[in-house]
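Residue-level listing of the chains:
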Amino acid sequence: MKLKKSSVADLSLLLVAFIWGSTFVIVQKAIHFMPPHFFNGIRFFAAAVILTMISLRVTRFRLSKDTLLAGMSLGVFLFLGYAFQTVGLLYTTSSKTGFITGLSVMIVPLLSIWILKERARKTVYFAAGLGTAGLYLLTLSDFSSLNIGDLLVLFCAAAFALHIIFTGRFSGSHDAWMLTIVQLITVSILSFLASGVFEAANVKENFGSMFTFEVLFALLITALFATAFAFFVQTKLQQYTTASRVALIYASEPVFAALTAFIFIGERMTIYGMIGCLLILAAMLTAEWKQNSTEESLSI
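Rules and cut-offs
- Residues numbered from 1 in each chain as written.
- Predicted model: local features only at pLDDT ≥ 70, side-chain atom pairs only at ≥ 80, totals over all residues.
- Heavy atoms only, no water.
- Helix = DSSP H or I, 4+ residues; strand = E, 2+ residues; numbered from the N terminus.
- Buried < 20%, exposed > 50% of the residue type's maximum accessible area, 1.4 Å probe, protein only.
- Areas by Shrake-Rupley, 256 points an atom, 1.4 Å probe, with all protein chains shown as cover.
- Contact = heavy atoms within 4.5 Å.
- Patch = residues over 30% accessible without salt bridge, like charges linked within 9 Å, V, L, I, M, F, W, Y side chains within 5 Å.
- Salt bridge = Lys/Arg side-chain N within 4 Å of Asp/Glu carboxyl O.
- Polar contact = N/O pair within 3.5 Å; in protein donor to acceptor, adjacent residues only side chain to side chain.
- Axes fitted to C-alpha atoms, helices over the stretch in contact; angles between N-to-C directions.
- Parallel < 35°, antiparallel > 145°, perpendicular 65-115°, else oblique.
- Left-handed = near helix turned anticlockwise from the far one by under 90°.
- Phe/Tyr/Trp six-rings, centres within 6.5 Å; stacked < 30°, edge-to-face > 60°.
- Nonpolar A, V, L, I, M, F, W, Y, C, P; charged D, E, K, R; others polar.
- Expected span 1.5 Å × (residues − 1).

**Student:** How should the overall build of the protein be read in this particular structure?
**Tutor:** When helices and strands are tallied, the protein shows 14 helices and two strands. For the protein, the proportion of its 300 residues judged to be buried stands at 49%. On the protein, roughly 15,000 Å² of surface is accessible, and the fraction owed to carbon and sulfur atoms is 69%.

The structure is reproduced here in structure tokens:
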């Protein structure tokens, strides 16, 4: 059976969005015990170690200067996304954070035309609009008052958008193993530095009590699946799809997060949230409409 490479890529990235959304609850519990920057430093370092051990068995460990610089650039964008989001949450609500972060759905198609020279398609813009509307209903964001936290989370959305765009630019011309490992190490180093600046007192005071079962479980699951596996898949397969479609696929993450929260901790979804989920699904289907039938295929 043959599938288009773009279809395999899109389905794999949807799996990544599912993993991220389904691990949101355990991460949320873990950062009650361990500061978020310190948690991310350990998570990304562990993921880099896992990928390095695997890569030594399946490929030649060759790191060029260009790949090093590309991986570091992706790591900086990824770190900034997490950092701005974390600090922004101190000043704004989680629902507004979810919506503003999801605005990368709108940012990516616009920047892709400028940076990647992607051809603009009306269906992509329409899908981006549907996805944004769906995210708004899913989070029911209150924009009666805007604050510094909202601005920081907007920077987070821009950073994540740039990470998606430049992953699309670099993924086809660099070794996926090395590119992924370098960016994960970069995020880990920057996260530990941020922790040293903002969380040093907290880490020092509570270090002995941080490593609870919940934290260790969250680190294991997120390092292995939500980081090592997820970012390798994105780095390897994004060359077969477009940055705009990746952004729309990732808009499904809060949908999976809401479903997971409902199943495991009993959070109820409102009728507006359900409509929002349906709009995001419609946006993803719209983005797939009228794809080029001559794309390369994969045999599975």
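**Student:** Help me understand the environment of V233, please; the structure alone is not making it clear to me.
**Tutor:** Here V233 is to be found in helix α11 (residues 213-237). The class for V233 is buried, based on a relative accessible area of 9%. Placed 57 residues apart in sequence, V233 and A176 show a C-alpha to C-alpha distance of 8.7 Å. Not counting the four nearest positions on each side in its chain, V233 is found in contact with S12, L13, V16 and Q238.

**Student:** Explain a nonpolar patch on the surface to me, please; I cannot follow it from the model alone.
**Tutor:** Taken together, the side chains of L90, Y91, I148, L151, L154 and F155 define a hydrophobic patch exposed on the protein surface, amounting to about 600 Å² of accessible area. Locating L90 in the fold gives a position in the loop between α4 (65-88) and α5 (94-101).

**Student:** Could you clarify how one ought to interpret the pattern of salt bridges in this entry?
**Tutor:** Within the structure shown, the criterion is met by one salt bridge. In this structure, D10 and R245 form a salt bridge, with 2.5 Å as the shortest nitrogen-oxygen distance. Taken as a pair, D10 in helix α1 (residues 5-22) and R245 in helix α12 (residues 243-250) lie far apart in primary sequence, 235 residues in all. According to the relative accessible area criterion, D10 is buried, its value standing at 8%.

**Student:** I'm lost on the side chain of T23 in this one. Help?
**Tutor:** Topologically, T23 is positioned in the loop between α1 and α2 (24-30). With relative accessibility at 8%, the residue T23 sits in the buried group. A polar contact of 3.1 Å, which involves the side chain of T23, links it to the backbone oxygen of W20.

**Student:** Just checking my understanding: could you explain the packing of α4 against helix α8 (residues 148-170) for this structure?
**Tutor:** In a packed pair of helices, the relevant descriptors are the angle between the two axes and the axis-to-axis distance. Two elements in contact, α4 and α8, have axes whose closest approach is 8 Å; the angle formed by their N-to-C orientations is 160°. In terms of axis orientation, α4 runs roughly antiparallel to α8. α4 and α8 meet at a crossing whose hand is left-handed. In this structure, α4 contributes A70, S73, L74, F77, L78, L80, G81, Y82, F84, Q85, V87 and G88 to the contact, and α8 contributes G149, L152, V153, F155, C156, A159, F160, L162, H163, F166, T167 and F170.

**Student:** So what exactly am I meant to see when it comes to the packing of aromatic side chains here?
**Tutor:** Applying the stated criterion across every chain yields a total of 14 aromatic pairs. Centroid distance F77 to F166: 5.5 Å. Interplanar angle 25°. Geometry classified as stacked. Here F77, found in helix α4, pairs with F166, found in helix α8; they are 89 residues apart in sequence, far enough to count as distant. Their ring planes at 15° and their centres at 6.1 Å tell us that F213 and F217 sit as a pair that is stacked. Within this pair, F213 and its partner F217 are both found in helix α11, separated by four residues, close to a single helical turn. By relative accessible area, F217 is classed as partly exposed at 38%.

**Student:** Just checking my understanding: could you explain the packing of helix α3 (residues 36-58) against α11 for this structure?
**Tutor:** α11 packs onto α3 with a crossing angle of 55° between their chain directions and a minimal axis gap of 8 Å. When the interaxial angle is binned, α3 and α11 end up oblique. Crossing of α3 against α11: the hand is right-handed. For the pair α3 and α11, contact is made by F39, I42, R43, F44, A46, A47, I50 and L51 and by V215, A218, L219, T222, A223, L224, A226, T227, A228, F231 and F232, respectively. Among the residues forming the contact of α3 with α11, the class breakdown is 16 nonpolar, two polar and one charged.

**Student:** Could you clarify how one ought to interpret the environment of T260 in this entry?
**Tutor:** By the element assignment, T260 lies in helix α13 (residues 253-265). Classification of T260 by relative accessible area gives buried; the value is 9%. For the pair T260 and F24, spaced 236 residues apart in sequence, the C-alpha separation works out to 8.4 Å.

**Student:** Help me understand α3 in this model?
**Tutor:** A turn of α-helix holds 3.6 residues, and therefore any two residues three or four places apart point the same way. Between its first and last C-alpha, α3 extends 33 Å over 23 residues, near the 33 Å set by a 1.5 Å rise per residue. Every buried residue belonging to α3 is among H37, F38, F39, N40, G41, I42, R43, F44, A47, A48, L51 and S55, and all of these are buried. Looking at the buried positions of α3, the neighbouring elements they touch are α1, α2, α4, α9 (176-198), α10 (200-210) and α11.

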